[in-house]
Amino acid sequence: MAGHDDPVMSRAMRAARSLAVVVAWAALSAMPAHAQSPALNADDAASAKAQQLQQETQPLNNQPVWSEVRSGRPQVTQVRGRETNVLIQQGGQTWRALRNGQVAVYGGWAIVVILVAIAAFYLWKGPLRLHSPMTGRKIRRFLPFQQLIHWTTATAFVVLAITGIILGFGKSMLLPILGHTLFSWLAQIAKPLHNFMGPVFAVCTVIIFFTFVRRNWWRAYDMVWIRKFGGMLSGHDVPSGKFNAGEKLWFWGGVLFLGVVVSASGFVLDFANFDQTRQTMQWANIIHLAAACLFMMAGLGHIYMGTIGMIGAYQAMKTGYVDETWAREHHLYWYEDVKAGRVDVEAVPSSKEPAVKPRPA
Amino acid sequence: MARMKFLCDAERCIECNGCVTACKQEHEIPWGVNRRRVVTMNDGVPGERSISVACMHCSDAPCMAVCPVDCFYKTDQGVVLHDKDMCIGCGYCFYACPFGAPQFPQLGAFGVRGKMDKCTFCAGGPEPDGSAAEFEKYGRNRLSEGKLPVCAEMCSTKALLAGDGDVLADIYRDRVLRRGKGAEVWGWATAYKAPAGGNGAPRPAGATPAPSAGPAAPQGGKS
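Remember, predicted model here, so these are calculated numbers, not experimental data.

Draft legend 1. Spatial organisation of the confidence of the model for chain B. For chain B, mean pLDDT is 86; residues scoring 70 or higher make up 87% of the total. Below pLDDT 50 for its whole length, residues 195–223 of chain B participates in 58 contacts with residues either more than four positions away or in separate chains.

Structure below.
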């Protein structure tokens, strides 16, 4: 660039350039101070203004800068990436304290307590048995599609629960036994299994909700069932519809509420490619863990009642048929409806016997 | 035994990103991963400050505490390292880290992230020092060669210091005494609070000419 003493440059050109500089200077001076940085938004303008004033009155005081740092607000950086413009995030410490603290301790021990309680109940009362002998006449309780969606959801649930426990509690439970290398292998299988099975479970949750919602509406007699705890302590059968109040609680509180909560929070964690912030994922993780612990606790109850807790219950979902005695003793109102022909097609007594005849218990 | 720390002098950092570049170059870090970054506060207004940040190798490291497979370990110099062979890419360290240090080569659907990558304080990983396997996974192991981290070595204004925490504190104290300002040591209270060595943030009492008249002290050291 030509210097100002360049003999070629005319006096007029020099004058024009000086004028341009003056005009530019005047224009810049007239602009508000905070407008000098195009990177600042309206929120940051106030703090920038404060910082500017600070520089005039207390040139050695960096307090506004450190307030900015502590705020966790996005700043300016040249490095691209997820939240690279946040210098320090305080939420991680809260998440760590909750996850490693309350959630892991209370959640983990609550599951153990439920397991012990169920085992104690089984040893104390044993399974719920039928009071009358089986008739040998079968009633169709579940259609093949209902069995299919139930067992698909159940498989997904169990896989998610086991892999979730490995990832959540394996560090304190399995790692000391298996050692770092072997446990890491296990976790490297568990993580993708959990992440790919999660969406399967979410889809199942939607389907299973619509499959069973009709028979799960709350009825007046369900409160009676609740008050008598389903006769599980007294041994007297409490009448119920196709599903008793316990099953309905599991349906609304477990399948629907907890299912939606774990699925939604799981999606936030599973699909991290939508630029959600760390804070979002921290809270999603806490909600996911807490809901999953409750889900597993309730699931243990459901699995117990569906297998060893009640004679005949497992055969119902396995074969789709139940004995008339079982239906009468455990689901009297449903049985009466079936007998009176008042029920929908799903429960009409089938003319053909199940392929696999359930063995009398 | 030295306790390795990073210290970034906000009065000196000029946001040249030389440390970022030096780190990428030294360790041949792939695209999309930056072990170090420079963040500028109040960009473009008088009194703007920049800070270079990477893994601070915390005393009570949150990443170590939340890792579900316990792949982190701490060297006898206080450097927090991890074993990429064990890492399952769950991202928990990324949630927990206050400094945003853990990086992932991918961020795909279904939580596919690849193995976590972060600053190693130029100290490599669990593989033998200076081995090809170590270089490929963790970058160069300069500490084993008797060298300090390349980011600090390359820093043109010596804003970024790396090395024994006691030495850094002495250097910084001397700077503060000479210039009479900028006593805030960013990140030390978060990273090194109540460490085993009892080496807190150097806050030389009376070194600053008490610039803030109010009762509120500068908060930098606490951030």
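Draft legend 2. Looking closely at the packing of aromatic side chains. Taken as a whole and assessed by the stated rule, the structure comprises 26 aromatic pairs over all chains. Pairing Phe-157 of chain A with Phe-201 of chain A gives two aromatic rings, centres 6.2 Å apart and planes at 45°, and the pair type is tilted. With Phe-157 of chain A in helix α5 (residues 144–173) and Phe-201 of chain A in helix α7 (residues 180–212), this pair connects stretches of sequence that are 44 residues apart. For Phe-201 of chain A, a relative accessible area of 6% corresponds to the buried category. Through a chain of ring-to-ring contacts, the aromatic side chains of Phe-209, Phe-210, Trp-217, Phe-251 and Trp-252 of chain A assemble into a single cluster. A cation over a ring is seen here: Lys-84 of chain B above Tyr-138 of chain B, with NZ or CZ 5.7 Å from the ring centre. Seen from the ring of Phe-104 of chain B, Arg-113 of chain B lies directly overhead, with NZ or CZ sitting 5.7 Å from the centre.

Draft legend 3. Focus on the nonpolar core. Of all hydrophobic cores here, the largest spans 80 residues; its most connected members are Phe-99 and Trp-186 of chain B. With 5 residues, the single largest contributor to this core is helix α3 (residues 92–96) of chain B.

Draft legend 4. Expanded view of unusual backbone geometry. The phi dihedral of His-57 of chain B is positive, around 55°, even though this residue is not glycine. Its place among the elements puts His-57 of chain B in the loop between β3 (49–53) and α2 (62–66).

Draft legend 5. Looking closely at a nonpolar patch on the surface. Taken together, the side chains of Val-105, Tyr-106, Trp-109, Val-112, Leu-115 and Val-116 of chain A present a nonpolar region at the surface, about 640 Å² in accessible area. By the element assignment, Trp-109 of chain A lies in helix α4 (residues 91–125).

Draft legend 6. Molecular detail of the sheet that holds β3 of chain B. Read across the sheet, 3 strands follow the order β1(A)-β2(B)-β3(B) without closing on themselves; strand pairing throughout is antiparallel. With one partner strand each, in any of the chains shown, β1 (76–77) of chain A together with β3 of chain B form the two edges of the open sheet. Examined bridge by bridge, strand β2 (residues 37–41) of chain B and β3 of chain B share 5 bridges and lie antiparallel to one another. Across the sheet, the residue bridging to Met-41 of chain B is Arg-49 of chain B, located in β3 of chain B.

Draft legend 7. Summary view of the packing of α7 of chain A against helix α9 (residues 245–270) of chain A. All names here are of chain A. Orientation of α7 relative to α9, taken along the N-to-C sense of each, is 150°, at an axis distance of 9 Å. The orientation of α7 with respect to α9, classified from their angle, is roughly antiparallel. Note that α7 runs across α9; the crossing there is left-handed. In this structure, α7 contributes Asn-195, Pro-199, Phe-201, Ala-202, Thr-205, Ile-208, Phe-209 and Phe-212 to the contact, and α9 contributes Phe-251, Trp-252, Val-255, Leu-256, Gly-259, Val-262, Ser-263, Phe-267 and Asp-270. Residue composition of the contact of α7 with α9, grouped by class: 12 nonpolar, 4 polar and 1 charged.

Draft legend 8. Examining the pairing of strand β6 (residues 160–164) of chain B more closely. Residue and element names in this part refer to chain B. The element β6 is largely enclosed, with a buried count of 4 among its 5 residues. Pairing of strand β1 (residues 4–8) with β6, which is carried by 5 bridges, proceeds in the antiparallel orientation. If you follow Phe-6 over to β6, its bridge partner there is Ala-162.

Rules and cut-offs
Residues numbered from 1 in each chain as written. Chains lettered and ligands numbered in written order. Predicted model: local features only at pLDDT ≥ 70, side-chain atom pairs only at ≥ 80, totals over all residues. Heavy atoms only, no water. pLDDT = per-residue confidence, 0-100. Contact = heavy atoms within 4.5 Å. Phe/Tyr/Trp six-rings, centres within 6.5 Å; stacked < 30°, edge-to-face > 60°. Helix = DSSP H or I, 4+ residues; strand = E, 2+ residues; numbered from the N terminus. Buried < 20%, exposed > 50% of the residue type's maximum accessible area, 1.4 Å probe, protein only. Lys NZ or Arg CZ within 6 Å of the ring centre and 35° of its normal. Core = buried A, V, L, I, M, F, W, Y, C linked by side-chain atoms within 4.5 Å. Patch = residues over 30% accessible without salt bridge, like charges linked within 9 Å, V, L, I, M, F, W, Y side chains within 5 Å. Areas by Shrake-Rupley, 256 points an atom, 1.4 Å probe, with all protein chains shown as cover. Salt bridge = Lys/Arg side-chain N within 4 Å of Asp/Glu carboxyl O. Pairing = 2+ DSSP bridges. Axes fitted to C-alpha atoms, helices over the stretch in contact; angles between N-to-C directions. Parallel < 35°, antiparallel > 145°, perpendicular 65-115°, else oblique. Left-handed = near helix turned anticlockwise from the far one by under 90°. Nonpolar A, V, L, I, M, F, W, Y, C, P; charged D, E, K, R; others polar.

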